[in-house]
Each structure stands twice: as structure tokens, then as C-alpha cells.
Amino acid sequence: NGLPSPHYEFRHALYRRALYRSLPTLHRAQCHRSLAEGLMPICTAGKPELASELALHCEEARDYEQAARYLMLAAENAANRFSHRDSIQILRRALELVRAQAPGSNPEIEVEILQRIGNTHYVLGEMSDSAGSYEAAVNLAEGAGLKAAHANALVHLGFPAWYLDAARGREARCVPREAARQEIGGADDAPAVGRAREREAAQGVRDAPIGGLRALRQAVHQQECVAQPQVEALARDRVQRLRRVAD
């Protein structure tokens, strides 16, 4: 509450370390959980810089999912400082924690982390690594039956795919029209959700590096993305929106 209060400090860090190691594992985890619960409201109230510390406490408390979420916030903080390499390392640690749980227990957050890794590689111009992360997200989402995440990952994969192989971006990143309909939730709410998807895509286009805009625009002019029979490419839709924005 801002009022001064007494506090204690160890004369040497070794004393603190020795005392910490003497705690039973369960008691140690409970202490970390209590600290995390105390810091969470502060972080949420406008102190995102506490995310790294919170992630550490959650990890030591064996709450790996919560730790991964705070690591994702810490990665955002690093990216805001243009420390993209650090951001990737933090996200990879988050991915390790998610995978440390029961296999397939939380594919949604794993897909999200993979996409964020792909986004960061894309910002750095590392198209091969970006495509690899997006493709892993595509495969995981497809295997888990996450239709919306699967379609979203396919669309994002189209950006680095154009750099690496135009044919790959044209042929492999198409999804059935029916899957797209299911992804937006049916006919009743399709118009509203469709407009939201369009705004999201336009925002992604505006946020993309200018090199990506030029490459995609050139690909559109050179050769249109031709869908397979009864197949509509979400990647093509995004490229067409890009063309309108770039023009």
C-alpha cells in the first residue's frame, strides 16, 4: 500500500540458497505458488514487466501451463524492446513447458506458441524457420481438430511460403470451403465473423514487413493462386486483400 514496512535481507546470497535448498520440494513449490498468486494481480493491473518473474514462480510451482502463458507475455515484452532473438528463446522455453505436461493435453496453447515463433522469425526475415514453425502449427492444429487454428496457421504459412516457393504457397495452403464455413461458425453469424476476419487479415497485412508486401503483390501479378476443384484458398483471399491495401 505504499507505506514503509520492516523487511529482512540475507547477509550473503549463499545463506539464502542454503535455506532454500533445505526446504522440502512440496513446501518449496507451495512458496512459489503463493508468491505467484500475490504477483498476478499486480502484473495484470499494469506491470507486465513482472511476467518473467511470474513465469519462474509458476514453473517452480509445477504450474507449467500458467508459466507458459507468462513466458508468452515476457516474449512480447522482449519483442517490444526489439529483442527478437530473446523473444524466440523465451517462446521456445514456453513450448518446452507445455510439452512437459501430458502429451496433447493443451494443443491450443502449443499452436499459439508455434505461431508466435513463426511471427518472430518472419519479422527477422528468417523465412525458412518461419515456415517451419507455421507448418508445425498447421500439422498440430489439424491433428487436434482445431479448425479455426488450422485455417489461421495455413493463412500465416502463406507469407513465408511465397518467399521460399511460390508453388508451395499456391498449392499446399488451400482449405476446403466447407472448413472455412465451419471455422466462422455457421450461416447465422458468418457475416459478422467474416468482417472480423477481414479486419484481422488487413491488420496483419499492415503489420507485415514491406518486403513481404512486395513479394506477395508480385506473386499475385505473376500467377494467381488457383484453387483445386471445390477448394478455396484462404491464402489467396489474404493476398487479394493485400493487393487492395498495397494499391
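Engineer: Looking at this structure, I do not really get a nonpolar patch on the surface. What am I missing?
Structural biologist: Residues F10, Y15 and L19 make up a contiguous nonpolar surface patch of about 340 Å² in total accessible area. Judged by relative accessible area, which is 43%, F10 ranks as partly exposed.

Engineer: How should the side chain of H121 be read in this particular structure?
Structural biologist: Looking at the secondary structure, you find H121 in helix 6 (residues 107–123). By relative accessible area, H121 is classed as buried at 5%. Discounting chain neighbours no more than four positions away, the residues touching H121 are I88, R92, E126, D129, S130 and S133.

Engineer: What should I look at first to understand the packing of helix 5 (residues 84–99) against helix 6 in this one?
Structural biologist: For the pair helix 5 and helix 6, interaxial distance at closest approach is 10 Å and the crossing angle is 165°. In this view, helix 5 runs roughly antiparallel relative to helix 6, as classed from their interaxial angle. Regarding helix 5 and helix 6, the two cross each other, and that crossing is left-handed. Across the interface between the two elements, H84, S87, I88, L91, R92, A94, L95, V98 and R99 of helix 5 pack against I109, E110, I113, L114, R116, I117, T120, H121 and V123 of helix 6. Partitioned by chemical class, the residues of the contact of helix 5 with helix 6 number ten nonpolar, four polar and four charged.

Engineer: What is the right way to read the packing of aromatic side chains from this model?
Structural biologist: Between two aromatic rings, the relevant description is the distance of the centres plus the angle of the planes. Following the criterion strictly, the structure yields one aromatic pair and no others. Above the plane of the ring of Y20 lies R28, whose end atom (NZ or CZ) is 4.9 Å from the centre.

Engineer: So what exactly am I meant to see when it comes to the nonpolar core here?
Structural biologist: Across soluble globular proteins, you tend to see nonpolar side chains buried next to one another. Of all hydrophobic cores here, the largest spans 34 residues; its most connected members are L54, A68, Y70, L91, I109 and I113. Mapped by element, the contributors of at least two residues to this core are helix 2 (25–44), helix 3 (51–60), helix 4 (64–80), helix 5, helix 6, helix 7 (127–144) and helix 8 (147–164). Counting residues per element, this core draws most heavily on helix 4, at seven residues.

Engineer: For this particular structure, what's the right way to read the pattern of salt bridges?
Structural biologist: Oppositely charged side chains can form a pair if their charged atoms are brought close together. Summed over the entire model, instances satisfying the criterion amount to eight salt bridges. Measuring nitrogen to oxygen at the nearest pair gives 2.2 Å for the salt bridge that ties E59 to R93. Placement of the pair is E59 in helix 3 and R93 in helix 5, with a sequence separation of 34 residues. Owing to a relative accessible area of 32%, R93 belongs among the partly exposed residues under this scheme. E126 is the salt-bridge partner of R85, the closest N and O atoms lying 2.5 Å from each other. Of this pair, R85 sits in helix 5 while E126 sits in the loop between helix 6 and helix 7, and the two are 41 residues apart along the sequence.

Cut-offs applied
- Residues numbered from 1 in each chain as written.
- Predicted model: local features only at pLDDT ≥ 70, side-chain atom pairs only at ≥ 80, totals over all residues.
- Heavy atoms only, no water.
- Patch = residues over 30% accessible without salt bridge, like charges linked within 9 Å, V, L, I, M, F, W, Y side chains within 5 Å.
- Areas by Shrake-Rupley, 256 points an atom, 1.4 Å probe, with all protein chains shown as cover.
- Salt bridge = Lys/Arg side-chain N within 4 Å of Asp/Glu carboxyl O.
- Buried < 20%, exposed > 50% of the residue type's maximum accessible area, 1.4 Å probe, protein only.
- Helix = DSSP H or I, 4+ residues; strand = E, 2+ residues; numbered from the N terminus.
- Contact = heavy atoms within 4.5 Å.
- Axes fitted to C-alpha atoms, helices over the stretch in contact; angles between N-to-C directions.
- Parallel < 35°, antiparallel > 145°, perpendicular 65-115°, else oblique.
- Left-handed = near helix turned anticlockwise from the far one by under 90°.
- Nonpolar A, V, L, I, M, F, W, Y, C, P; charged D, E, K, R; others polar.
- Phe/Tyr/Trp six-rings, centres within 6.5 Å; stacked < 30°, edge-to-face > 60°.
- Lys NZ or Arg CZ within 6 Å of the ring centre and 35° of its normal.
- Core = buried A, V, L, I, M, F, W, Y, C linked by side-chain atoms within 4.5 Å.

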